[in-house]
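So the chains spell out like this:
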Amino acid sequence: MRKEEKTRLTYERIMAAAIEEFGKKTYDNASLTTLCNENQISKGLIYHNFKNKDELYLKCVEECFDAMTAYFQNGEYKTDCVKESLHNLFQMRQQFFKENPYYCNIFFNTVLQPPEHLKKEIRELRKKYDEFYLNCFRGLLEQIQLRDTITM
């Protein structure tokens, strides 16, 4: 096996273990020691690929939001009925979390209780996802007549 291939496989193995660890626990309760012990990964490999727990966590958050955004962009939710379109959009999110249960915990923890010291970085990682959702809602709002006192 070539060195590049082995490096890529090691990185993927670490990421899978980290997504599971952060997908089961909050940032504060997740442990690199537990991640290493449960997945037979040496701490040296973790620190060879990532500077620290923060960097590994942010990579998991990035992967979560990128996967969600891609999933929604490839899905079809729009219909002629705004209410039905909204329902479809939320059903898509529910289906995504059903297919990717660890991302569910990562998503809600970053939205509801992000680590204080990582809020800025998380906000940046969410940008594409947030833009996608804002565009969805803007598009749906354009289909309905708003009251005179209400603006988009």
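One can find the structure itself at the top, above this paragraph.
What you see is a predicted model, and the numbers here were worked out from it, not measured in a lab.

Thresholds, definitions, all that
Residues numbered from 1 in each chain as written. Predicted model: local features only at pLDDT ≥ 70, side-chain atom pairs only at ≥ 80, totals over all residues. Heavy atoms only, no water. Helix = DSSP H or I, 4+ residues; strand = E, 2+ residues; numbered from the N terminus. Buried < 20%, exposed > 50% of the residue type's maximum accessible area, 1.4 Å probe, protein only. Contact = heavy atoms within 4.5 Å. Areas by Shrake-Rupley, 256 points an atom, 1.4 Å probe, with all protein chains shown as cover. Lys, Arg positive; Asp, Glu negative; His and termini not counted. Charge placed at Lys NZ, Arg CZ, Asp CG, Glu CD. Salt bridge = Lys/Arg side-chain N within 4 Å of Asp/Glu carboxyl O.

## Thoughts on the overall build of the protein
Within the protein one finds 8 helices and 0 strands. Its C-alpha atoms give the protein principal-axis dimensions of about 60 × 35 × 25 Å. Classification of the 152 residues of the protein by burial places 34% in the buried group. Considering only residue pairs separated by 6 or more positions, the protein has 67% of its internal contacts joining residues 24 or more positions apart. Per element, the accessible surface of the protein, about 9,900 Å² overall, is 49% carbon and sulfur. Here the protein carries 23 positive and 23 negative side-chain charges, and the mean point of each set is 4 Å from the other.

## Here's the deal with the pattern of salt bridges
Per the stated rule, a full pass over the model turns up 9 salt bridges. The partner of Arg-126 in a salt bridge is Asp-130, and the shortest N-O contact between them spans 3.0 Å. Linked by salt bridges that have partners in common, Glu-5, Arg-8 and Glu-12 make up one network.

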